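# Structure at a glance
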Amino acid sequence: MKRVAGHPLWLWCLPFALAALAAPLWLHWWEPAMFLALHHASAHVPLAVWMALSLLGNGWIVLALTAPLLTLAPRLMWAWMCAVPFAAVLTRLGKDFIVSARPAAEIDPALLRIAGETLYTVSMPSGHTTSAWAAASALFFALSPPQRLRHAWLLLLALGAGLSRIAVGAHWPGDVAVGISLGLLCGLLAQWLLARVPLRYQQVHAWPTRALALLVGAAAWVLATTPQDFAETAGLQRGLALFAAAWLLWFAIRSARALKAA
């Protein structure tokens, strides 16, 4: 079977197939009925859970959560960071060139349970969903085939992040479906880019990896000082900031030891 960047061709076709299958969603054939059905069904789960899942689409949050990888598996840290430029470009292009209203602009506010700021425009695609799926799929595809089965929870978390955008009233199902497709594509493109990052850069003592550590440090600072997405998750953000800072300290120690040994 033909392989591209280490993956079978059918896997590269999967994001496009999913986007095609989701056409009735992003064409809004079943809206707003489908959105309202999913939005109201989500009320059976506490809103705090949906807000926490939604944070998985925030880059600062993902940087803090993956801080342990700097020390334990730098290659995996590089893997999801390689997805970032693709996710940023594709999301920005979609929001700049597709004119789309958010659910709050078309549905009676009395029918919605909105968390965070009420948004009205630039709905397509869901940036949080794209980011969550880009990071999760980049990590997933960077694992060996036997490891992937044990880490399928990465994709389940990304799915939860996508559904959360409907639950908090921010996006239509079609926005989320396109975000999943784009995120999967970004995850695959990340493997193509990762293959071009020299192995010597992917070591715990390498200066490029130390540059990634600076990004994690910036994430810890932002999360400790600036509310992200929801005021209700400020405590969780500060906890993640401390978590990232602790792992950064351990990374600095391990990196210094590795550099001295080299």
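Residues numbered from 1 in each chain as written. Predicted model: local features only at pLDDT ≥ 70, side-chain atom pairs only at ≥ 80, totals over all residues. Heavy atoms only, no water.

Take unusual backbone geometry next. A cis amide bond, omega 5°, links Glu31 with the succeeding residue Pro32. Along the chain, Pro32 turns up in the loop between helix H2 (23-26) and helix H3 (33-41). Residues Met124 and Pro125 are joined by a peptide bond in cis, for which omega reads -10°. Mapped onto the elements of the fold, Pro125 is located in the loop between helix H9 (103-106) and helix H10 (127-142). The phi dihedral of His28 is positive, around 60°, even though this residue is not glycine. Locating His28 in the fold gives a position in the loop between H2 and H3. Positive phi values are uncommon outside glycine, yet Asp229 reaches one of about 70°. The residue Asp229 is located in the loop between helix H14 (207-225) and helix H15 (234-261) in this model. (Helix = DSSP H or I, 4+ residues; strand = E, 2+ residues; numbered from the N terminus.)

Let's shift gears to the layout of surface pockets. Roughly 540 Å³ of volume is contained in the largest pocket. For the largest pocket, the lining is made up of 23 residues, of which Gly57, Asn58, Gly59, Val84 and Ser131 are closest to its centre. Put simply, the parts of the chain that give the lining of the largest pocket at least two residues each are helix H5 (59-65), helix H7 (74-81), helix H8 (84-97) and H10. If you tally residues by element for the lining of the largest pocket, the top one is H8, at 6 residues. By residue class, the composition of the lining of the largest pocket is 13 nonpolar, 7 polar and 3 charged. Taken as a whole, the second largest pocket encloses approximately 440 Å³ of empty space. Together, 18 residues line the second largest pocket, and Thr66, Leu139, Trp153, Leu154 and Leu157 are the ones closest to its centre. (1 Å grid on protein atoms, 1.4 Å probe; cavity = no way out; pocket = protein on both sides within 12 Å on 5 of 7 lines; lining within 4 Å. Points joined across faces, edges and corners; volume = space filled by probe spheres on them. Nonpolar A, V, L, I, M, F, W, Y, C, P; charged D, E, K, R; others polar.)

What follows deals with H15. Since there are 3.6 residues in each turn of an α-helix, residues three or four apart along the chain are aligned in direction. With 28 residues, H15 should cover 40 Å at 1.5 Å per step; its first-to-last C-alpha distance of 41 Å lies within 8% of that length. By the burial criterion, the buried members of H15 are Gln237, Leu240, Ala241, Ala244, Leu248, Phe251 and Ser255. On its buried face, H15 sits against H5, helix H6 (69-72) and H14. (Expected span 1.5 Å × (residues − 1). Buried < 20%, exposed > 50% of the residue type's maximum accessible area, 1.4 Å probe, protein only. Contact = heavy atoms within 4.5 Å.)

Here we come to the environment of Leu25. Looking at the element boundaries, Leu25 is found in helix H2. Residue Leu25 is classed as buried on the basis of its relative accessible area of 18%. Dropping the residues within four chain positions of it, Leu25 is found in contact with Trp30, Met34, Pro173, Gly174 and Ala177.

Glancing now at the packing of H10 against helix H12 (residues 153-167). When two helices pack together, their arrangement is given by the angle between the helix axes and by the axis-to-axis distance. Where H10 meets H12, the closest approach of the two axes is 9 Å, and the angle between their N-to-C directions is 180°. Relative to H12, H10 is oriented roughly antiparallel. On the side of H10, the interface is formed by His128, Thr129, Ala132, Trp133, Ala136, Ser137, Leu139 and Phe140, while H12 contributes Leu154, Leu155, Ala158, Leu159, Ala161, Gly162 and Arg165. Of the residues belonging to the contact of H10 with H12, the class tally is 10 nonpolar, 4 polar and 1 charged. (Axes fitted to C-alpha atoms, helices over the stretch in contact; angles between N-to-C directions. Parallel < 35°, antiparallel > 145°, perpendicular 65-115°, else oblique.)

Spatial relationships are all this shows, so hold off on functional conclusions.
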